[in-house]
Amino acid sequence: MEQPETVTPARGAHPRPHGGQTAIPCWFLRGGTSRGPFFRATDLPTDIAARDRVLLAAMGSPDPRQIDGLGGAGPLTSKAGIVGRSERPDVDLEFLFAQLQPDSDTVDTTPNCGNMLAAVVPFAIESGLLVPREDTTTARVLTLNTSMVAEITVRTPEGPSGRYVEYEGDSRIDGVPGTASPVTINFLDTAGSVCAALLPTGNTRDRVHVDGVGALDVTCIDNGMPLVLVAAADLGRTGYETVAELNADEELKQRVEALRLVCGELMGLGDVSARNYPKMTLIAPPAHGGTLSTRSFIPHVCHESIGVLAAVTAATACVLDGTIAHELTDLATVDGASPGTSASTGIGTGTGTGTDTGTGTDLSVSVEHPAGEFSVELGLDRSHGTPHVTKSALIRTARLIMAGDVLVPRRAWNTEEDHG
């Protein structure tokens, strides 16, 4: 397949004034169940402090309502993407994800976001970084936050004025109304994206002691997003509560945060009190025909659905023998699992027949969340004993909502060199 042409725009060395403000080219997109402004890297300050001031001003943070910016007053709508052309021969685009918060003046570029990742290739085409050549365009994207690489495919049919990104289609994802054109994401290597390994503690299960909480069994895992999985029942909850109920449950949130801090150290992440990871995920047996039920915190607010990479990581835990998730999983719903496999034998052992060859298995796992379910395709290689994840693929959708300029106060951009 012919590769899309990459284009390097001229670097905007100086901001463009608009009256007493600064105008910055901006494309506002939904990616999966998140949304936010996207910028070409060449249109933002090279100074990190100035860049962060611009992002905060664009979003309207810190303010609970983000009334003076583009933010949507919640963590899922306080995200931004910065995209540039890559100089690496094996990568087309480089993506820097920025997580902001409504009531905070920090910009966190350490975590991943698989939902916003779904909008990277549409943005690149809309902004002129990529020129499509065929009916579908596939680009290899490097997420700078964690050095994760993914191949992303979007539909780019021919129109009267040339090829364009097709946003209309029949694909549906829970958490987004209606249907849209599919965005296919194939993660090439996600194990240990932030932590040192898929299982950062070296165990599928750890028993941790938390002051004021007691002893709890958890699974610490990172297949694209560091997660701590804990049975909701062990915290005195069902795991089927609504998002509103969990967000109003201050006693639970305090216990979950105390557990998160302990597990962060256990996972080799150090003091995570100011970080957005690990994400805490309460799990329970599936309630609606899926594989596992989840309630994910990001990290202090319950997710309206579940993040892309959190879903990938939770799905991976489902198919690894010995994890907290595995014992709660309904393996009958896992397409590709060996017939008759039970939680006591586990697909992580490589036993049975079906699609399992003894060394590799392709599996489809359905992760339930508050807004519906999320299907993840996994490839496992067990030829060397410990299962190795070879593939994590899924479908998302995206849509361009606005294209133009975002205006920020002139002082947000200013650096020392601007005054020189």
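Some details on the overall build of the protein chain
- A count of helical and extended segments in the protein chain gives nine helices and 21 strands.
- Looking at the protein chain as a whole, 56% of its 420 residues are labelled buried.
- Counted over contacts in the protein chain with a minimum sequence separation of 6, partners at least 24 positions apart contribute 63%.
- For the protein chain, the exposed surface amounts to about 16900 Å²; the carbon and sulfur share of it is 49%.

Comments concerning the pairing of strand S20 (residues 388-396)
- Summarising the sheet, strand S12 (residues 183-187) and S20 pair through five bridges and their orientation is antiparallel. Across the sheet, residue Phe 187 finds its bridge partner in S20, namely Ser 392.
- Sheet topology note: the strand S19 (residues 372-381)/S20 ladder contains five bridges and is antiparallel. Counted as the bridge partner of Glu 377 is Ala 393 from S20.

Here we look at helix H5 (residues 250-266)
- Between its first and last C-alpha, H5 extends 24 Å over 17 residues, near the 24 Å set by a 1.5 Å rise per residue.
- All of the buried residues along H5 are Leu 252, Lys 253, Arg 255, Val 256, Glu 257, Leu 259, Arg 260, Cys 263 and Gly 264.
- Positive phi appears at Gly 268, one or two residues downstream of H5, with a value of about 80 degrees.

Remarks on the side chain of Thr 397
- With respect to the helices and strands, Thr 397 occurs in the loop between S20 and strand S21 (398-409).
- There is a polar contact of 3.0 Å between the side chain of Thr 397 and the side chain of Arg 30.

With respect to helix H6 (residues 308-318)
- Judged by how many residues are buried, H6 sits mostly within the fold: eleven of eleven residues are covered.
- Among all positions of H6, only Val 308, Leu 309, Ala 310, Ala 311, Val 312, Thr 313, Ala 314, Ala 315, Thr 316, Ala 317 and Cys 318 are buried.

Concerning the nonpolar core
- Ranked by internal contacts, the top residues of the largest apolar core, which has 67 residues, are Phe 38, Leu 93, Phe 95, Leu 117, Val 121, Ile 185 and Phe 187.
- In terms of residues, this core owes the most to one element, H6, which gives nine residues.
- Once residues within four sequence positions are removed from consideration, Val 121 is found in contact with Leu 93, Leu 130, Ala 139, Val 141, Ile 152 and Val 154.
- Counting 25 residues, the second largest nonpolar core, distinct from the first, contains Leu 216, Ala 232, Val 243 and Leu 259.

Here's the deal with the side chain of Thr 138
- Within the secondary structure, Thr 138 sits in strand S8 (residues 136-143).
- Looking at Thr 138, the relative accessible area reads 14%, which means it is buried.
- For Thr 138, the side chain forms a polar contact with the side chain of Thr 153, separated by 2.7 Å.

Remarks on the environment of Leu 235
- For Leu 235, the location among the structural elements is in the loop between strand S15 (226-231) and helix H4 (243-247).
- Ignoring sequence-local partners within four residues, the contact set of Leu 235 consists of Leu 216, Val 230, Leu 252, Arg 255, Val 256 and Leu 282.

What about the pattern of salt bridges?
- Counted by the stated rule, this structure contains 17 salt bridges.
- Between Glu 151 and Arg 140 there is a salt bridge whose closest N-O contact spans 2.6 Å. A residue pair is termed long-range when its members are at least 10 positions apart, and Glu 151 in strand S9 (residues 148-155) and Arg 140 in strand S8 qualify at eleven residues.
- According to the relative accessible area criterion, Glu 151 is partly exposed, its value standing at 27%.
- For Arg 140, a relative accessible area of 27% puts it in the partly exposed group.
- Where Glu 257 meets Arg 260, a salt bridge forms, and the shortest distance between an N and an O atom there is 2.8 Å. Here Glu 257 and its partner Arg 260 are both found in helix H5, three residues apart, which amounts to about one turn of the helix.
- Several salt bridges share partner residues, and in doing so they unite Arg 205, Arg 207, Asp 217 and Glu 327 into one network.

Some points on the confidence of the model for the protein chain
- When pLDDT is averaged along the protein chain, the result is 89; 89% of the residues meet or exceed 70.
- The low-confidence segment residues 338-359 (pLDDT under 50) makes 47 contacts with residues lying over four places distant or belonging to another chain.

Some details on the packing of aromatic side chains
- All chains considered together, the criterion is met by three aromatic pairs.
- Judged by centre distance (5.5 Å) and plane angle (75 degrees), the rings of Trp 27 and Phe 123 are edge-to-face. Residue Trp 27 is located in strand S3 (residues 21-31), and its partner Phe 123 is located in helix H3 (residues 120-126); the two are separated by 96 residues in the primary sequence.
- Judged by its relative accessible area of 12%, Trp 27 falls in the buried class.
- Measuring from centroid to centroid gives 6.3 Å for Phe 38 and Phe 95, while their planes differ by 15 degrees, and the two rings are stacked. Of this pair, Phe 38 sits in strand S4 (residues 34-40) while Phe 95 sits in strand S6 (residues 93-99); the two residues are 57 residues apart in sequence, bridging distant segments of the chain.
- The buried category is assigned to Phe 38, whose relative accessible area is 0%.
- Overall, Phe 95 belongs to the buried group, its relative accessible area being 0%.
- Counting every residue linked through ring pairs, the aromatic cluster contains Trp 27, Phe 38, Phe 95 and Phe 123.

What to know about the environment of Tyr 167
- Counting through the fold element by element, Tyr 167 comes out in the loop between strand S11 (162-163) and S12.
- Distance from Tyr 167 to Thr 156, taken between C-alpha atoms, is 9.2 Å for residues eleven residues apart in sequence.
- Excluding its chain neighbours within four sequence positions, the residues that come into contact with Tyr 167 are Leu 29, Pro 122, Glu 126, Ala 180, Ser 181, Ala 398, Arg 399 and Leu 400.
- Here Glu 126 takes part through its side chain, which lies 2.7 Å from a polar atom of the side chain of Tyr 167.

Some thoughts on unusual backbone geometry
- For the bond running from Ser 61 to Pro 62, omega is 0 degrees, close enough to zero to count as cis.
- By secondary structure assignment, the location of Pro 62 is in the loop between helix H1 (48-59) and strand S5 (79-85).
- Positive phi is not limited to glycine here, since Gln 66 has a value of about 50 degrees.
- Residue placement: Gln 66 occurs in the loop between H1 and S5.
- A positive phi is found at Ala 73, a non-glycine position, where the angle reads about 65 degrees.
- On the secondary structure map, Ala 73 appears in the loop between H1 and S5.

About the criteria used
Think of each chain on its own: its residues are numbered from 1, step by step along the sequence as written. Totals for whole chains, interfaces and linings use all residues, but because this is a predicted model, local features are given only for residues with pLDDT of at least 70 and pairs of side-chain atoms are given and counted only at 80 or more. The side-chain quantities take in all heavy atoms of the structure and omit both hydrogens and water. Helix numbers and strand numbers start at the N terminus; a helix is a DSSP run of H or I with at least 4 residues, a strand a run of E with at least 2. Think of it in three bands: with a 1.4 Å probe and only protein chains considered, a residue is buried below 20% of the maximum accessible area for its type, exposed above 50%, and partly exposed in between. Should any heavy atoms of two residues lie within 4.5 Å, those residues are counted as being in contact. Computed by Shrake-Rupley with a 1.4 Å probe, the accessible areas treat only the displayed protein chains as cover when residues are assessed. Two strands qualify as a pair provided that DSSP identifies no fewer than 2 bridges between them. Helices are assigned an expected span. That span is 1.5 Å times one less than the residue count. Counted as a polar contact is a pair of N or O atoms within 3.5 Å, where, for protein atoms, one must be capable of donating a hydrogen and the other of accepting one, and residues adjacent in sequence contribute only when both atoms are in side chains. In these notes, a set of buried Ala, Val, Leu, Ile, Met, Phe, Trp, Tyr and Cys residues joined through side-chain atoms within 4.5 Å is what counts as a nonpolar core. Here, a salt bridge means any Lys or Arg side-chain nitrogen found within 4 Å of an Asp or Glu carboxyl oxygen. pLDDT: the predictor's confidence for each residue, scored from 0 to 100. The rule is short: rings of Phe, Tyr and Trp, with Trp giving its six-membered ring, pair when the centres are within 6.5 Å, and they are stacked under 30 degrees, edge-to-face over 60, tilted in between.

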